[in-house]
Amino acid sequence: MDPICLLFISIFFFPVIIFVFLLTTEKLLPQFAALSAVGIIIYCFVAVLYIFLTLGNSLPWQYIIPWFTIGKNTINISIIIDYQSLIMALILYFIAALVLIYSIEYKKSDRHYHRFFAYVCVFVASMSGIIFSGNLLVTFIFWELVGFNSYLLIGFWYDKPKAVQAAKKAFMVNRISDVFFLITLLILYQQHHSLDFGTLYLQISKNGLNDSHFWASLCFFVGCAGKSAQFPFMIWLPDAMEGPTPVSALIHAATMVAAGIYLLIRYSFLLTPYSSDVILLMGIVTSLLGAYFALFQNDIKKILAFSTVSQLGLMMAAIGVRQYEIAFFHLCTHAFFKAGLFLGAGAVIHGYHHIVHASSTFDKQNIKYMGGIARLMPLTFATFAVFGLALSGVPLFSGHLSKEMIIQSVYSGVVSHSYYWYYVIILLIITFTTSWYICRLIYKIFLGNSRLHLILPNTNINSISDNGLCITLPIMVLAVFSTWLIFGINPLVGEYSYFFSYFGLSGYTHSSALYAIVTAISLIGLVLSYIFHAKSLHTSQKSYIAPWYFRWFYKCSFHQLYMNIAMRYALVHPQLLYANIVHHTDSNIINRLIHAMAIGHVTLAHVVHWADRQIVDGFVIITQNLSTHCARLFNTYQEGAPQKQLSAIFTGIIIIFVLIVIFIV
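These numbers were taken from a predicted model, which means no experiment stands behind them. (Residues numbered from 1 in each chain as written. Predicted model: local features only at pLDDT ≥ 70, side-chain atom pairs only at ≥ 80, totals over all residues. Heavy atoms only, no water.)

Peer 1: Looking at this structure, how should I read the overall build of the protein?
Peer 2: The helix and strand inventory of the protein stands at 23 helices and two strands. With the principal axes as the frame, the protein shows a C-alpha extent of 145 × 70 × 60 Å. The proportion of buried residues among the 665 residues of the protein is 53%. For the protein, long-range pairs separated by at least 24 residues make up 81% of all intrachain contacts whose partners lie at least 6 apart in sequence. Carbon and sulfur atoms make up 70% of the accessible area of the protein, which totals about 30,800 Å². (Helix = DSSP H or I, 4+ residues; strand = E, 2+ residues; numbered from the N terminus. Buried < 20%, exposed > 50% of the residue type's maximum accessible area, 1.4 Å probe, protein only. Contact = heavy atoms within 4.5 Å. Areas by Shrake-Rupley, 256 points an atom, 1.4 Å probe, with all protein chains shown as cover.)

Peer 1: It is not clear to me how the pairing of strand β2 (residues 73-81) should be interpreted in this structure. Could you clarify?
Peer 2: Regular strands have side chains that alternate between both faces of the sheet. Note: strand β1 (residues 61-70) against β2, nine bridges, orientation antiparallel. Looking at β2, one finds that Ile70 is bridged to Asn73. Between β1 and β2, which follow one another and run antiparallel, lie two residues, and Gly71 among them has a positive phi close to 65°. (Pairing = 2+ DSSP bridges.)

Peer 1: Hey, could you run me through the pattern of salt bridges in this one?
Peer 2: As enumerated under the stated definition, the model contains six salt bridges in all. The salt bridge partner of Asp178 is Arg175, with a shortest N-O separation of 2.5 Å. On the criterion of helical spacing, the pair formed by Asp178 and Arg175 is a turn pair, its members being three residues apart in helix α6 (residues 161-192). Notably, a salt bridge pairs Lys227 with Asp178, separated by 3.9 Å at the nearest N-O pair. Residue Lys227 is found in helix α8 (residues 211-227), and its partner Asp178 is found in helix α6; the two are separated by 49 residues along the sequence. (Salt bridge = Lys/Arg side-chain N within 4 Å of Asp/Glu carboxyl O.)

Peer 1: Honestly, the packing of aromatic side chains in this entry has me stumped. Any pointers?
Peer 2: Here the structure, examined in full by the defined rule, presents 56 aromatic pairs. Between Tyr443 and Tyr530 the ring centres are 5.3 Å apart and the planes differ by 75°, which places this aromatic pair in the edge-to-face class. Here Tyr443, found in helix α17 (residues 420-446), pairs with Tyr530, found in helix α20 (residues 512-536); they are 87 residues apart in sequence, far enough to count as distant. In this structure an aromatic cluster arises from ring pairing among Phe45, Phe94, Tyr262, Phe328, Phe329, Phe336, Phe481, Phe487, Phe499, Phe500 and Phe503. The positively charged end of Lys107 is found above the aromatic ring belonging to Phe116, 5.1 Å away from the centroid. Over the aromatic face of Phe171 sits the side chain of Arg175, whose NZ or CZ is 4.4 Å from the ring centroid. (Phe/Tyr/Trp six-rings, centres within 6.5 Å; stacked < 30°, edge-to-face > 60°. Lys NZ or Arg CZ within 6 Å of the ring centre and 35° of its normal.)

Peer 1: What am I meant to see in a nonpolar patch on the surface here?
Peer 2: A contiguous nonpolar surface patch, about 1,100 Å² in accessible area, is contributed by Ile654, Ile655, Ile656, Phe657, Val658, Leu659, Ile660, Val661, Ile662, Phe663 and Ile664. In this fold, Ile656 is placed in helix α23 (residues 642-663). (Patch = residues over 30% accessible without salt bridge, like charges linked within 9 Å, V, L, I, M, F, W, Y side chains within 5 Å.)

Peer 1: Looking at this model, I keep getting lost on the nonpolar core. Mind explaining?
Peer 2: One recurring pattern in soluble globular proteins: nonpolar side chains tend to sit buried together. By size, the foremost hydrophobic cluster in this structure holds 213 residues, and its most contacted members are Ile95, Trp236, Ile319, Tyr352, Ile373 and Ile445. Per element, the largest residue contribution to this core is 20 residues, and it comes from helix α14 (residues 324-355). The residues contacting Ile373, other than those within four sequence positions of it, are Val348, Tyr352, Ile445, Phe446, Ile461 and Ile464. (Core = buried A, V, L, I, M, F, W, Y, C linked by side-chain atoms within 4.5 Å.)

Peer 1: Can you walk me through unusual backbone geometry in this structure?
Peer 2: Glycine aside, negative phi is the norm for most residues, and most peptide bonds take the trans geometry. Put simply, Phe231 and Pro232 share a cis peptide bond, and its omega is 5°. The phi torsion at His193 lies on the positive side, around 55°, for a residue other than glycine. Mapped onto the fold, His193 is located in the loop between α6 and α7 (197-207). Backbone geometry places Gln560, a non-glycine residue, at a positive phi of 55°.

The following block contains the structure:
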């Protein structure tokens, strides 16, 4: 077997072995569990980096292992290694290693320490299967494993009802979208008799796309939209914040929500022009809703979750205009600053956890009662600000390079599609909204005066400080990777990034005027948000009553346009009603009918039993008794007594005489 193939197999199986080992050896020292998990993920990162450097001039590289046959067709387990899969894998293992290092300190007081590191290892292994798989059936298997592992991690604290409900919600919503993924496999296999990446690519390149491919690509998009939290499947992602914060960082940065975007980019040759238009529309709608929902949330992790939804929508928009390289570029830049935002949020939550440890009334994720900790946690504040600036798209930060290119890509379509102007305007609104809510988040957490005394008057806020090295080091590393330096020399324009030296960039045009507008809107959003929130925190809430339309705007944002309620009434309640009807029918009709039939059978059995005992058995007894009496009667004439024999003869003669007289005379 090829050495590269053996190395790849070790990349997948070693984390699985650690997963099994940690689950079966919980009595070992916690430090051993953490070090073994971190060590194996670092090994995987080094192995992928070695493959990247070794095969750099020989890519793409493929290895095929026959699996089973269906008629004349063979289903293969294939491994495809190219620049796209290697870069995605490097980001996955890099961020996973940082998250695990962060978790050494963050999770040290958790009684399920071993189980956490075990779950993360198998989660990363499942994602690596999606990244390197060259067959859609094998990809689907790993796709389901990622979904199952996310269920385990979101519901990690299974003694918390909210965590259990969130895990079930994420699992069920993703199962709905996975049905469409499966339909895609059926359509493609019916059309091409293969699910191999290479075979599909060659046949479609040769014969082109047809109507079946439109439905296949549309179902494929819906299947990917579930994991990537696109409208209307976005409802599971905010609730998934009930899981541990390091898990949230991993899910949002490089695993679950990234999987859908990655697959759409990888199998972009399946997308027809009409399905691309649908993807563009849904991506912009999702991005707008995500930014809108993040405006007035008070839960620090929910704000970041809706931010992820919005950024994923931007990636979908880039896919919709067929700029797949730019979508992948934003996926990569977003991974670093979003992981940093979640880890920074975890550092803040961890800090509050220590000072209000004994309180059960304070929600340590509620930014309404934070503030004033920038001087107490300067390192956390500085790095969190870097991540926020990258998210808002400010120059000199990585998010600016990729985000601005997405807006430029949509703007390029105005020439052939005049209605794209509406999309550009919406994207500018999203840019402003993103700057607004991330500045609000930073201000309410770190700046102004502390509001903790409003709920816990006797708590000393000054005891909060930056966390230990295991928490701060990964955050600092991610802060460096959220600047432009990692992606190119030019700090302002993304098209000159090192990234595109591996993928190229076709059909992209740059407008200096639009660039200036996008940059200005990002900065204006930050400044206005800072001024507004600095003023509002010093203004008495009782002295101002907002107009009805603003209250309506606020409530719709805070309650997410009541989508959860709408979904409950549209999907859950009809299913519960149907279940109740079936239960009522089963209990009151079918069960009663079966009960009546049982009573009838028992009654019939009693009747048959009586007839058998009284009639059949009675007839048998009568026959027996008659035979016995007859036998006894005739037996008396067989005893050799002359008197009885003569009396019998005379009796017989008399009977015969009487019969003759009656019938003849």
